[in-house]
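Working through the structure, step by step
If you want the building blocks of each chain, they are given just below.
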Amino acid sequence: MIKTVKGCKDIYGEDIEIFRSVEKVLRDSARSYGFKEIVPPTLEYSELFQRSVGEDTDIVEKEMYTFTDKGGRSVTLRPEMTASVARAYVEHHFETLPSPVKLFYIGPCFRYEKPQKGRYREFYQFGVEVLNDESPYLDAEVIALAYEIGEKLHLKDLKVKINSIGCKKCRPHYKEVLREALKPHYEELCDDCKRRFYTNPLRILDCKRESKALKDSLPKITDYLCDECRAHFEKVQKYLSEFGIPFETDNTLVRGLDYYTKTVFEVVSNDLGAQNAVLGGGRYDYLIEEIGGRHTPGLGFAIGMERLIEVVKSQKSAQNEKEELVYIAYGKGLEKEAYLTAKRLRSSGFTVIVDSKGGAFGKQLARSRKRGAHFTVVIGEDEFKKGTVQLKDMEKQTQTEVKKEELTEAIAQISESKNGAKESNAPRK
Ligand code: HAM
């Protein structure tokens, strides 16, 4: 049997239903903040990621799906989409558009990582990017959007963590201070961090293998920010507090991509285990210059769709919004009536399956049960003549005769009272 490639997966059943409903929330939220969609290609020249994400990052060093195409050019299946948006900005002269330029995207990304819960080799990202504006108001607004998405999806126990990692002016000095502080501990570091000690010691701060005690003992970057970065970070925190967005500062948050400057942030959930970041982002004021454009500040975040779906599932919130499944059983020759009843119910938002085989009602009901229908509408000959139907509540095993024109309302009322009861029985967190 041929199986899916390791780390890739089919998205089907409940997962694709949640994916699509979550996607709608994400798209609507982004649009309400003035973001417009962009669909970049999946394949880019490898150089784009080398110059933006950075040569010394895990992504570029170990995780890219890179190959030489038949024309001899090195191409890469994108590991993330910020670099593509930045490339598009320069290539299509988006600087001529009113700034800030606000773009959102959703699509597959590829990273050759060790697969585990919440970590795949092909995964979907939804992200937003704000370009050509350096106002700290936007940092706070973008974090507020991320938080609002969590609220709209009724996610509980999400934490917003923020930090500032400085800029080209102040970070080099902090790196030296950090190296000095780490020197006596060099031999205790893991192999990756021994290398990071020379290439990018900041990454040692978010290495899961290094102890919390060591990290707590190290100098904090926020004590070494230049005046501009400090003022920017203070304003971001002030706005977040004013907007009512709960957050905590985390001086070990540095993020695994080289393009970040100033504000970095993550939203984490305890429901995800080790891979607990649902989304991550930050400011990247030099990225567009790095890939050949003019100085253009920017910031954004990306959400891992699979991780978001995991959290939604584990918190059983999206299920409450799922439509009820209605099954229609009907007597001989009543196909038209069955079809028209289904049409009316569908137009009111219900998911409806009409039995396609007909025959004895007992058999049709058995097929309805097998499908997991919440209701079965039985249209028998007698009922048809009277202008009524039998409405069966499959869970309670009860049956009532209702007028045809009152069917939608009757189903809506029963399902509302059920969902209401479920919510009030649900344990409060
Ligand atoms: P990132 O933190 O590398 O940032 O990825 C963003 C999100 O993608 C993560 O928080 C996670 O939910 C998801 N993700 C990453 N790797 C995997 C994986 N192997 N399997 C499943 N989900 C994954 C970026 O990619 C930046 N481009 C974000 C950004 C946008 N910064 C500014 N603008």
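About the cut-offs
- By convention here, each chain's residues receive numbers from 1 onward along its written sequence.
- Where totals are concerned, whole chains, interfaces and linings use all residues; where local detail is concerned, this predicted model gives features only for residues with pLDDT of at least 70, and gives and counts side-chain atom pairs only at 80 or more.
- The basis for every side-chain value is the complete set of non-hydrogen atoms in the structure, without hydrogens or water.
- The split into domains, and so the bounds of each, comes from an automatic or database assignment of domains.
- Any residue with a heavy atom lying within 4 Å of a molecule or strand is counted as near it.
- Any N or O atom pair separated by 3.5 Å or less is treated as a polar contact, with the protein-specific requirement of one donor-capable and one acceptor-capable atom, and with residues adjacent in sequence counted only for side-chain atom pairs.
- Methods summary: accessible areas were calculated by the Shrake-Rupley approach with a probe of 1.4 Å, and residue burial reflects only the protein chains presented.
- The numbering of helices and of strands both runs from the N terminus, where a helix is a DSSP run of H or I of at least 4 residues and a strand a run of E of at least 2.
- Only Asp, Glu, Lys and Arg are considered charged in this grouping, and only Ala, Val, Leu, Ile, Met, Phe, Trp, Tyr, Cys and Pro are considered nonpolar; every other residue, Gly among them, is considered polar.
- Axes here refer to lines fitted to C-alpha atoms; in helices the fit is confined to the stretch in contact. Angles between the N-to-C directions go from 0 to 180 degrees.
- Any angle that is under 35 degrees is reported as roughly parallel, and any over 145 degrees as roughly antiparallel; angles of 65 to 115 degrees are reported as roughly perpendicular and all others as oblique.
- Helix crossings fall into two classes, left-handed where the near helix is turned counterclockwise from the far one by less than a right angle and right-handed where it is turned clockwise.
- It only takes one pair of heavy atoms within 4.5 Å for two residues to be counted as in contact.
- A pair of aromatic rings is counted whenever rings of Phe, Tyr or Trp (Trp by its six-membered ring) have centres within 6.5 Å, and the orientation is called stacked for planes under 30 degrees apart, edge-to-face for over 60 and tilted otherwise.
- Relative accessibility thresholds used throughout: buried, under 20% of the residue-type maximum; exposed, over 50%; partly exposed, between the two (1.4 Å probe, protein chains only).
- Among the buried residues, those of types Ala, Val, Leu, Ile, Met, Phe, Trp, Tyr and Cys that are joined through side-chain atoms within 4.5 Å form a nonpolar core.
- Between Lys or Arg on one side and Asp or Glu on the other, a salt bridge is scored when a side-chain nitrogen of the former is within 4 Å of a carboxyl oxygen of the latter.
- By definition, two strands form a pair when at least two bridges between them are found by DSSP.

It is worth spelling out the domain arrangement of the chain at this point. Per the domain assignment, the segments making up the chain are domain 1 (13–170 + 225–314) and domain 2 (325–425). Its C-alpha centre places domain 1 at a distance of 45 Å from the equivalent point of domain 2.

What follows covers the site of the ligand. E80, T82, E113, Y120 and Y260 are the nearest of the 27 residues found near the ligand. Between the ligand and V278, the relevant distance is 2.9 Å, taken from an oxygen atom to a main-chain nitrogen or oxygen of the residue. A distance of 3.4 Å separates a nitrogen atom of the ligand from a polar backbone atom of G300. Considered on its own, the ligand offers 660 Å² of accessible surface; in the complex 96% of this is hidden by protein. Among the elements of the structure, β6 (122–131), β10 (277–283) and β11 (298–304) are those that each provide at least two residues to the shell around the ligand. With six residues, β10 is the largest single contributor of residues to the shell around the ligand. Residues of the shell around the ligand, tallied by class, amount to twelve nonpolar, eight polar and seven charged.

Two elements in contact, helix α1 (residues 14–32) and helix α5 (residues 136–152), have axes separated by 10 Å at closest approach and are oriented at 140 degrees. What the angle tells us is that α1 and α5 run oblique. Between α1 and α5 lies a crossing of right-handed hand. Between α1, through V25, L26, S29 and A30, and α5, the contact on the second element is made entirely by L145, I149 and K152. Among the residues forming the contact of α1 with α5, the class breakdown is five nonpolar, one polar and one charged.

Turning to the packing of aromatic side chains, a few remarks are in order. Counted according to the given criterion, the structure contains 15 aromatic pairs. Considering the side-chain rings of Y259 and Y260, the 4.8 Å spacing of their centres and the 65 degrees angle between planes classify their relative orientation as edge-to-face. We classify Y260 as buried; its relative accessible area is 5%. Both rings, one in F265 and one in F301, keep their centres 6.3 Å apart while their planes meet at 75 degrees; by these two values the pair is edge-to-face.

A few words now on the nonpolar core. Ranked by size, the top nonpolar core spans 53 residues in total, and within it L131 and L182 carry the most contacts. Looking at this core, the elements with two or more residues in it are α2 (46–52), α3 (58–63), α4 (82–91), β5 (101–110), β6, α6 (171–182), α7 (191–199) and α10 (287–290). No other element matches α4, which puts five residues into this core. Every residue in contact with L182, bar those within four places of it in the chain, is listed here: L189, F197, P201, I204, L214 and L218. Counting 42 residues, the second largest nonpolar core, distinct from the first, contains I18, V22, A146 and V311.

Residue position: R78 is located in the loop between β4 (74–77) and α4. Aside from chain neighbours lying at most four places away, what touches R78 is P40, P41, T42, F49, G107, P108, C109 and F110.

Our next topic: the pattern of salt bridges. Evaluation of the coordinates by the stated rule reveals 35 salt bridges. With a closest N to O distance of 3.9 Å, K385 and E381 form a salt bridge. With a gap of four residues between them, K385 and E381 both fall in helix α14 (residues 381–386), about one helical turn apart. One exposure class covers both K385 and E381, and it is exposed.

With that out of the way, let us pick up the sheet that holds strand β8 (residues 248–249). With respect to topology, eight strands assemble into an open sheet ordered β1-β5-β6-β11-β10-β9-β7-β8, the strand pairing being mixed. For this open sheet the edge positions go to β1 (36–37) and β8, each flanked by a neighbour on one side alone. Bridge count between strand β9 (residues 261–269) and β10: six bridges; the pairing is antiparallel. When the sheet's bridge partners are listed, V264 is paired in β10 with G282.

Look at the link from S99 to P100: it is a cis peptide, with omega at 0 degrees. Mapped onto the fold, P100 is located in the loop between α4 and β5. Look at H93: it is not a glycine, yet its phi comes out positive at around 55 degrees. Structurally, H93 can be placed in the loop between α4 and β5.

Let us look at the packing of α1 against helix α11 (residues 305–314). With their axes 10 Å apart at the nearest point, α1 and α11 run at an angle of 105 degrees to one another. One way to sum up the angle between α1 and α11 is to call them roughly perpendicular. Mapping the contact onto sequence places E14, D15, I18, F19, V22, E23 and L26 in α1 and M305, L308, I309, V312 and K313 in α11.

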